[in-house]
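Take a look at the letters that make up each chain.
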2 protein chains.
Amino acid sequence: MAIVVQKYGGSSVATTEKIKRVAKSVIDKKNKGYKVVVVISAMGDTTDDLIELAKGISNNPDKRELDALLATGEMISSSLLAMAIKDIGYDAISFNAFQIQLKTNGVYGKSLIEDINILPIKNALDLDKIVVVAGFQGVSDEGNLTTLGRGGSDTTAVALAVKLDAECEIYTDVDGIYSVDPRLYKNAKKIENISYEEMLELSSLGAQVMHSRSVELGQKYNIPIYVGLSCSDIKGTYIREVEEMENKPVTGLAVSDDDVSITLLDIDYDIYTLSSIFESIAARKINVDMISQTAPQNGSVNISFTIPKADLNECLEVVRAYTVKRPIIDENVTKFSIVGIGMKTTSGVAARLFRVFKENNIQVKMITTSEIRITCTINREDKLKAVELVAKEFNL
Amino acid sequence: MAIVVQKYGGSSVATTEKIKRVAKSVIDKKNKGYKVVVVISAMGDTTDDLIELAKGISNNPDKRELDALLATGEMISSSLLAMAIKDIGYDAISFNAFQIQLKTNGVYGKSLIEDINILPIKNALDLDKIVVVAGFQGVSDEGNLTTLGRGGSDTTAVALAVKLDAECEIYTDVDGIYSVDPRLYKNAKKIENISYEEMLELSSLGAQVMHSRSVELGQKYNIPIYVGLSCSDIKGTYIREVEEMENKPVTGLAVSDDDVSITLLDIDYDIYTLSSIFESIAARKINVDMISQTAPQNGSVNISFTIPKADLNECLEVVRAYTVKRPIIDENVTKFSIVGIGMKTTSGVAARLFRVFKENNIQVKMITTSEIRITCTINREDKLKAVELVAKEFNL
């Protein structure tokens, strides 16, 4: 009998009524002939509420204790879901991280999963039980609770699917992956199949449907991941090894308003200065995304880069040491990206993108590319126009 | 360095502000030269709120899952307290039942503690950390979370004190054990020292200051238990082996309105019928407390007994098989008890009690006694008068 691992997100279990609905959906799957393992997130805003509680105790809560606190959210929802399934008359059992020895590398707040003892799960499945696993949490070698980071339950689900040689279904409050965020472009098309690489690029660019680590795991072990709407028959999206190109160079488009660009003027043009600047920024754990540099003039260059808005003040402190000129700060930027595995084999995608921008007076500021992605920054006010034009150009 | 185990009840940690106050109190104790282990209950009404949540899922929640759910309450409060201590600048670490392998006999909702691995606690104390333990919870041999029942954190604390050879302090929202509930008799005196036996009798009679099991454990291992007001210097009560009698035959008085008395008329007077009645009642897990029987007449007797009010309907179903006559039900009863280890050596205590009742027209219905206790039922409307008169008679 095939095993399926289903994951339900926090919005799908926000109330007891919704938990009961998920219980029915899980039982439906079992009645279709599957052994079912369910990974569950904390109810609704529980995680945020727990963080609030911790903030009421300390401005800088101890990381070990914060993880121990946050892990309770999924313990609560998993036992409630098991109760709900049993109440309908099907056997079920919940497991927390201790009970299946879900081992992590011990990093608080963003652990990686190292191993899972699937024996208790297999035993329960053999006894015809539906197994409910608390997502998001793990145990370090020292026996400390550690969490996997926001969206980490996705990764719990994929890791379990890997270990159990199971199918993997991620249920959430959207009915699949769209080529463009439907809130920005109402004609956005749902994607039937998307490759792991494309999904990873889109995830890291702000399409926050999936925890990146879960997609990486799926890719590594070649586990297809189905993403769909909770308790619904609407057809969702498969993240999988895409074999046949659909003759479409661009699969998706993502925009993000969360960055700010900083331009440093008249920086000494030598490799030591440059690496020193970015090392100093990295030492503060500030994530630099795009970097571009002008050609040197009189032994100095201008350097632009983007960082998350939240880190602006800290970053300015760091760069002050490298230039007497006031840095130019541009908060009015939108990061605009197109992603497509088809770019590997289709030339001229960048040319088409920039022609669209040029013909419509959309100014492009910085540009970076990868094999399957083109990212540029544009002015915030051009965002919706750019989304619409580019979505039409590439039939997204 | 001496070890102390302190327990703080739910009302002492009901808000983040109160948790911070407990953190300070714990640190004060450490600064007095103790190694400190803190056992903590769930915040305020958390346990009731979690039960509500479960009731929203099922009228009869699965016992395993309910225990897993309820255990989260103490995980939350213990990590918050450890955070609060660290925030003040002292080192601390929280442990849940898995982390110290607090093993139980596996009975859901009312487990007994079988063993605790104190090694992680000892190691943390040696590293100068304050240890915070989630009360009320344990793990069965099969790895299931089980809880110890209402007030079970008291028992966690005493069990830890036994294993760590430590002093034991129970902090709550009352400043000690009183001879009479101060809400019923404003001149009630605080007891400085009370024996385990007396405390056990009082606990089982409705003076719900302490979890009975914790007092039994204290008695078995001769661990003195201090009961006092949280975060306060007011002197509380020691529960301990009382060596010297204070020449006071009665230590405390307890009343309870939670029982109903049932009288069965014209029951066949043979030992098989009698044992059969009470076995049938016991089979329904109904707790029969007082029993009295009239002398046999014409081969039949009348039997009166008390049971918890909540079980009345179920009990009536059971006894219907034994008599055609309608049972007499008296819900207008108060169970009135006096307790004192001095009764063992002082005669005439019962006589004094009944003289007081007789002189004041208080009708006594049923009577049972133990070596250190006299219990009777009286009419509900005589309760306050009886409390006042008896408290004065025995100087309580």
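Residues numbered from 1 in each chain as written. Chains lettered and ligands numbered in written order. Predicted model: local features only at pLDDT ≥ 70, side-chain atom pairs only at ≥ 80, totals over all residues. Heavy atoms only, no water.

**Details of the sheet that holds strand β17 (residues 328–330) of chain A**
In sheet architecture, strand pairing relies on hydrogen bonds along the backbone and comes in two forms, parallel and antiparallel. Residues and elements named next belong to chain A. For the record, the criterion: By the convention used here, strands pair only if DSSP detects at least 2 bridges between them. Secondary structure elements follow DSSP: runs of H or I no shorter than four residues count as helices, runs of E no shorter than two count as strands, and numbering proceeds from the N terminus. Angular values range over 0 to 180 degrees, each being the angle between N-to-C directions of two axes fitted as lines to C-alpha atoms, with helices fitted over their stretch in contact.
What the four strands build is an open sheet, ordered β15-β16-β14-β17; its pairing is antiparallel. Each edge of the open sheet is held by one strand with a lone partner, namely β15 (291–293) and β17. Strand-to-strand twist of the sheet, defined as the mean angle between neighbouring strand axes without regard to direction, takes the value 15°. Across eight bridges, the pairing between strand β14 (residues 259–268) and strand β16 (residues 300–308) is antiparallel. Its bridge partner being in β16, Ile262 is matched across the sheet by Phe305.

**Brief notes about the nonpolar core**
Applicable threshold: Nonpolar core, defined: a set of buried Ala, Val, Leu, Ile, Met, Phe, Trp, Tyr and Cys residues in which side-chain atoms within 4.5 Å join the residues together. With a 1.4 Å probe rolled over the protein chains alone, any residue whose accessible area is under 20% of its type maximum counts as buried; one over 50% counts as exposed, and the rest are partly exposed. Note on contacts: a residue pair qualifies if any of its non-hydrogen atoms lie within 4.5 Å across the two residues.
By size, the foremost hydrophobic cluster in this structure holds 104 residues, and its most contacted members are Val37 and Ile121 of chain A together with Val37 and Ile121 of chain B. Setting aside chain neighbours within four positions, we find Ile121 of chain B in contact with Val37, Phe95, Ile100, Val131, Val133, Leu160 and Leu164 of chain B.

**Focus on helix α6 (residues 196–204) of chain A**
An α-helical turn contains 3.6 residues, so a residue and the one three or four places further along point in the same direction. With seven of its nine residues buried, α6 of chain A lies for the most part within the structure. Of the residues making up α6 of chain A, those classed as buried are Tyr196, Glu198, Met199, Leu200, Glu201, Leu202 and Ser203 of chain A.

**Remarks on the domain arrangement of chain A**
Residues and elements named next belong to chain A. The test is simple: As used throughout, domain bounds are those supplied by an automatic or database domain assignment. The term buried area means the drop in 1.4 Å probe accessible area that two parts suffer when joined, counted for both and summed. The salt bridge definition used is simple: a Lys or Arg side-chain nitrogen within 4 Å of an Asp or Glu carboxyl oxygen. Nitrogen and oxygen atoms within 3.5 Å of one another constitute a polar contact, given that in protein one can donate a hydrogen and the other can accept it, and given that sequence-neighbouring residues count only through two side-chain atoms.
Structurally, chain A comprises domain 1 (3–239) and domain 2 (244–396). Between the C-alpha centres of domain 1 and domain 2 the distance comes to 33 Å. In total, about 1,700 Å² of surface goes out of reach between domain 1 and domain 2, with carbon and sulfur atoms giving 63% of it. Considering only the side of domain 1, the residues that lose the most area to domain 2 are Leu184, Tyr185 and Leu205, jointly responsible for 35% of the buried surface there. Linking domain 1 with domain 2 are two salt bridges. A salt bridge links Glu197 to Lys344; the shortest N-O distance between them is 3.4 Å. There are seven residue pairs in polar contact (both at pLDDT 80 or more) connecting domain 1 and domain 2.

**So, the pattern of salt bridges**
For the structure on display, the rule yields 58 salt bridges over all chains. The salt bridge partner of Arg64 of chain A is Glu65 of chain A, with a shortest N-O separation of 2.9 Å. Of the charged contacts in the structure, one is a salt bridge between Arg284 of chain B and Glu317 of chain B, with a shortest N-O distance of 3.7 Å. In this pair, Arg284 of chain B is assigned in the loop between α8 (271–283) and β15 (291–293) and Glu317 of chain B in helix α9 (residues 312–319), connecting sequence segments 33 residues apart. Overall, the relative accessible area of 36% leaves Arg284 of chain B in the partly exposed class. Given a relative accessible area of 46%, Glu317 of chain B falls into the partly exposed group. Each of Asp62 of chain A together with Lys86, Asp91 and Lys129 of chain B takes part in salt bridges that share partners, so that together they form one network.

**A short note on the UniProt feature "binding site: substrate" (unreviewed entry) in chain A**
Residue and element names in this part refer to chain A. Using the following cut-off: UniProt positions are given in the numbering used here, feature names are shortened, and annotations may be inferred rather than shown by experiment.
When the UniProt feature table is mapped onto this chain, "binding site: substrate" (unreviewed entry) is found at Thr47 and Glu74. Spanning 28 residues, the named residues form one tight spatial group whose C-alpha atoms are at most 8.9 Å apart. Relative to the assigned elements, Thr47 resides in helix α2 (residues 46–57). Taking relative accessible area as the criterion, Thr47 reaches 15% and is therefore assigned buried. Those residues within four positions of Thr47 in sequence are excluded, and the remaining contacts are Ala42, Leu70, Glu74 and Arg150. Here Glu74 lies in helix α3 (residues 63–88). Residue Glu74 is classed as buried on the basis of its relative accessible area of 3%. Not counting the four nearest positions on each side in its chain, Glu74 is found in contact with Ile40, Ser41, Ala42, Thr47, Ala134, Gly135, Phe136 and Gln137.

**Thoughts on the packing of α2 of chain A against helix α1 (residues 16–31) of chain B**
Here is the rule: Between 65 and 115 degrees an angle is taken as roughly perpendicular, under 35 as roughly parallel, over 145 as roughly antiparallel, and anywhere else as oblique. Working rule for handedness: look at the near helix, and if it is turned counterclockwise from the far one by less than a right angle, call the crossing left-handed; if clockwise, right-handed. Think of it as three bins: nonpolar holds Ala, Val, Leu, Ile, Met, Phe, Trp, Tyr, Cys and Pro, charged holds Asp, Glu, Lys and Arg, and polar takes everything else, Gly as well.
The contact between α2 of chain A and α1 of chain B brings their axes to 9 Å, and the two run at 45°. Here α2 of chain A is positioned oblique relative to α1 of chain B, judged by the angle of their axes. Taken as a pair, α2 of chain A and α1 of chain B cross one another with a handedness that is right-handed. Each of Leu53, Gly56 and Ile57 of chain A in α2 of chain A lies in contact with α1 of chain B, whose residues at this interface are Thr16, Ile19 and Lys20 of chain B. Residues of the contact of α2 of chain A with α1 of chain B, tallied by class, amount to three nonpolar, two polar and one charged.

**Overview of the relation of the copies chain A and chain B**
The following threshold applies: Residues below a pLDDT of 70 in either copy are left out; the C-alpha atoms of the rest, at least 70 in both, set the least-squares superposition of the copies.
It takes a turn of 180° to lay chain A on chain B, together with a shift of 0.0 Å along the axis; the resulting RMSD is 0.1 Å. These values place the two chain copies in the arrangement generated by a two-fold rotation axis. Among all residues of chain A, the minimum C-alpha distance to the rotation axis is found for Thr72 of chain A, at 2.9 Å.

**Focus: the sheet that holds strand β18 (residues 333–339) of chain A**
Residue and element names in this part refer to chain A. In spatial order, the strands read β13-β18-β20-β19; together these four strands make up an open sheet with antiparallel pairing. Edge strands, defined here as strands with exactly one partner in the open sheet, are β13 (252–256) and β19 (364–370). For this sheet the average axis-to-axis angle between neighbouring strands, irrespective of direction, equals 20°. Where β13 meets β18, five bridges bridge the pair, whose relative direction is antiparallel. Its bridge partner being in β18, Leu253 is matched across the sheet by Ile338. The sheet contacts of helix α10 (residues 349–359) involve β18, β19 and β20 (373–379), and relative to β20 the element is tilted by about 15°.

**Considerations on the packing of aromatic side chains**
All names here are of chain A. We apply this condition: For this analysis, a ring pair means two rings from Phe, Tyr or Trp (six-membered ring only for Trp) whose centres lie within 6.5 Å, classed as stacked if their planes differ by under 30 degrees, edge-to-face if by over 60, and tilted for the remaining angles. Whether a charge sits over a ring depends on NZ of Lys or CZ of Arg being within 6 Å of the ring centre and within 35 degrees of the ring normal.
Applying the stated rule across the entire model yields eleven aromatic pairs over all chains. Centroid distance Tyr8 to Tyr171: 5.2 Å. Interplanar angle 20°. Geometry classified as stacked. Residue Tyr8 is located in strand β1 (residues 3–8), and its partner Tyr171 is located in strand β9 (residues 167–172); the two are separated by 163 residues in the primary sequence. Take Tyr8 and Tyr171: they sit in the same class, and that class is buried. Through a chain of ring-to-ring contacts, the aromatic side chains of Tyr8, Tyr171, Tyr226 and Tyr238 assemble into a single cluster. Here the guanidinium or amino end of Lys29 rests over the ring plane of Tyr34, the centre of that ring lying 4.4 Å away. A cation sits over an aromatic face here: Arg240 above Tyr238, 4.3 Å from the ring centre.

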